[in-house]
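Okay, here's what each chain looks like letter by letter:
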Amino acid sequence: MQNPQAETNPGDVSVEHRGAISIVRLCRPKKRNAINDGLMASLGQRFAELPSETKAVVIAGEGDHFCAGLDLSELKDRDAVEGLHHSRSWHKILTEMEFGRVPIVAALHGAVVGGGLELASTCHIRVADETTFFALPEGSRGIFVGGGGSVRIPKLVGAHRMLDMMLTGRVYKAAEGVGIGMAQYLVPPGEALAKAIELAERIAENAPMTNYALMHGLPRIAEQPADHGFLTEAMLAAIAQSAPEAKARVRAFLDGTGPKVKFK
Ligand code: 1HE
């Protein structure tokens, strides 16, 4: 099979719409939310079907763990060509999420390992509760990351930390992981979802063009030479500030009705 199109398994991924945000949940807790082809296809479909009212998404896992990574039971039957296309199918779906329409906040707890960390690193913000642990057990299984991890994880923590995790099986507990950039927020056990929802609701209040410029512009500017980055930045700034919504927000601040930056 050159380009397998996996069947979706809609029961493995649920979506709940709450006003301007949607909550997407991995629902295979008995298998620690391990990602098989059906789950990955369903995830892609859930994101493709988000209603226009959705301005930000929270992604979470049911049960005691966020995600145990690739479903290893599917790996044993794949030949090299199938493995290549399988990896590319993850790239396609996760890239559509990363460069999609709305920012994604991951609510992490328990295992965030292998492909689970690749999924988390696709999201724009990560909130980890204190039960979270980060690992890349691919090294010990004789395999390699295949869901975009070698591109995205070094951007969070640096290539040499990822190298250490894969060479030695090093596991980062929540606080240490947050300290090196695996996630931006650390919260007490059981509070990741509530914090992620709070952040997503805040994000949903932004002007859509600002969120778009951040999601689509920042990562690309980071990979451009400075001279190109400055031009991309100038174009995004020009487009964002020209939107009527931006004018109204700036006017509101100048009138004394818009929010101030709060520092306590
Ligand atoms: C699985 C998987 C899985 C659990 N594929 N079935 N990922 C890993 O190497 C991580 C493998 N999993 C674990 O290390 C542990 O399961 C956990 C630390 C995540 C959780 O431990 P625990 O004690 O809560 O659960 P458990 O008893 O190990 O697992 C419960 C069930 O889930 C059990 O099945 P059961 O039928 O015996 O009940 C496990 O076999 C099953 N299970 N994790 C398949 N991953 C795009 S490339 C990405 C490459 C990778 O992600 S490689 C890393 C894979």
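Scoring rules and cut-offs
Residues numbered from 1 in each chain as written. Predicted model: local features only at pLDDT ≥ 70, side-chain atom pairs only at ≥ 80, totals over all residues. Heavy atoms only, no water. Helix = DSSP H or I, 4+ residues; strand = E, 2+ residues; numbered from the N terminus. Contact = heavy atoms within 4.5 Å. Phe/Tyr/Trp six-rings, centres within 6.5 Å; stacked < 30°, edge-to-face > 60°. Lys NZ or Arg CZ within 6 Å of the ring centre and 35° of its normal. Near = heavy atom within 4 Å. Polar contact = N/O pair within 3.5 Å; in protein donor to acceptor, adjacent residues only side chain to side chain. Areas by Shrake-Rupley, 256 points an atom, 1.4 Å probe, with all protein chains shown as cover. Nonpolar A, V, L, I, M, F, W, Y, C, P; charged D, E, K, R; others polar. Buried < 20%, exposed > 50% of the residue type's maximum accessible area, 1.4 Å probe, protein only. Salt bridge = Lys/Arg side-chain N within 4 Å of Asp/Glu carboxyl O. Pairing = 2+ DSSP bridges.

## So, the side chain of arginine 28
Right, on to step 1. Locating arginine 28 in the fold gives a position in the loop between β2 (21-26) and α1 (37-48).
Right, on to step 2. Among all residues touching arginine 28, those that are not within four sequence positions of it are Asp12, Asn33, Ala34, Asn36, Leu39 and Asp71.

## Describing the packing of aromatic side chains
Right, on to step 1. All told, the structure shown has 0 aromatic pairs when counted by the stated rule.
Right, on to step 2. Over the ring of phenylalanine 99 we find arginine 220; its NZ or CZ atom is 4.2 Å from the centre of that ring.

## Points about the site of the ligand
Right, on to step 1. Close to the ligand lie 22 residues; Lys31, Ala68, Leu70, Gly115 and Arg141 are nearest.
Right, on to step 2. A distance of 2.7 Å is found between a nitrogen atom of the ligand and a backbone nitrogen or oxygen belonging to alanine 68.
Right, on to step 3. Taking glycine 115, its main chain carries an N or O atom lying 2.7 Å from an oxygen atom of the ligand.
Right, on to step 4. Expressed as a share of its isolated accessible area of 1,000 Å², the protein-covered part of the ligand is 65%.
Right, on to step 5. Listing elements by their share of the shell around the ligand, those giving two or more residues are β5 (111-113), α4 (115-122) and α5 (138-141).
Right, on to step 6. Here the residues of the shell around the ligand are counted per class, giving 9 nonpolar, 6 polar and 7 charged.

## Things to note about unusual backbone geometry
Right, on to step 1. One non-glycine residue with positive phi stands out, namely arginine 32, at about 55 degrees.
Right, on to step 2. Phi at asparagine 33 takes a positive value of approximately 60 degrees, unusual for a residue other than glycine.
Right, on to step 3. Along the polypeptide, asparagine 33 turns up in the loop between β2 and α1.
Right, on to step 4. Accessibility expressed as a relative area gives 0% for asparagine 33, which makes it buried.

## Details of the pattern of salt bridges
Right, on to step 1. This model, assessed by the stated rule, comprises 12 salt bridges.
Right, on to step 2. Across the pair aspartate 164 and arginine 170 runs a salt bridge whose closest N-O atoms are separated by 3.0 Å.
Right, on to step 3. Looking at arginine 170, the relative accessible area reads 32%, which means it is partly exposed.
Right, on to step 4. Two residues, glutamate 245 and arginine 249, come together in a salt bridge whose shortest N-O distance is 2.8 Å. Of this pair, glutamate 245 and arginine 249 are both found in helix α12 (residues 244-254), 4 residues apart, which corresponds to roughly one turn of the helix.
Right, on to step 5. Ionic contacts of the salt-bridge type, sharing partners, join the residues Glu16, Arg18 and Arg25 into one network.

## Overview of the sheet that holds β5
Right, on to step 1. Strand order in the open sheet formed by 3 strands is β5-β7-β8, and the pairing between neighbours is mixed. Each of the sheet's edge strands pairs with one partner strand only, and the pair in question is β5 and β8 (172-173).
Right, on to step 2. In this structure, strand β7 (residues 133-135) lies alongside β8, joined through 2 bridges in antiparallel fashion. Across the sheet, the residue bridging to phenylalanine 133 is lysine 173, located in β8.

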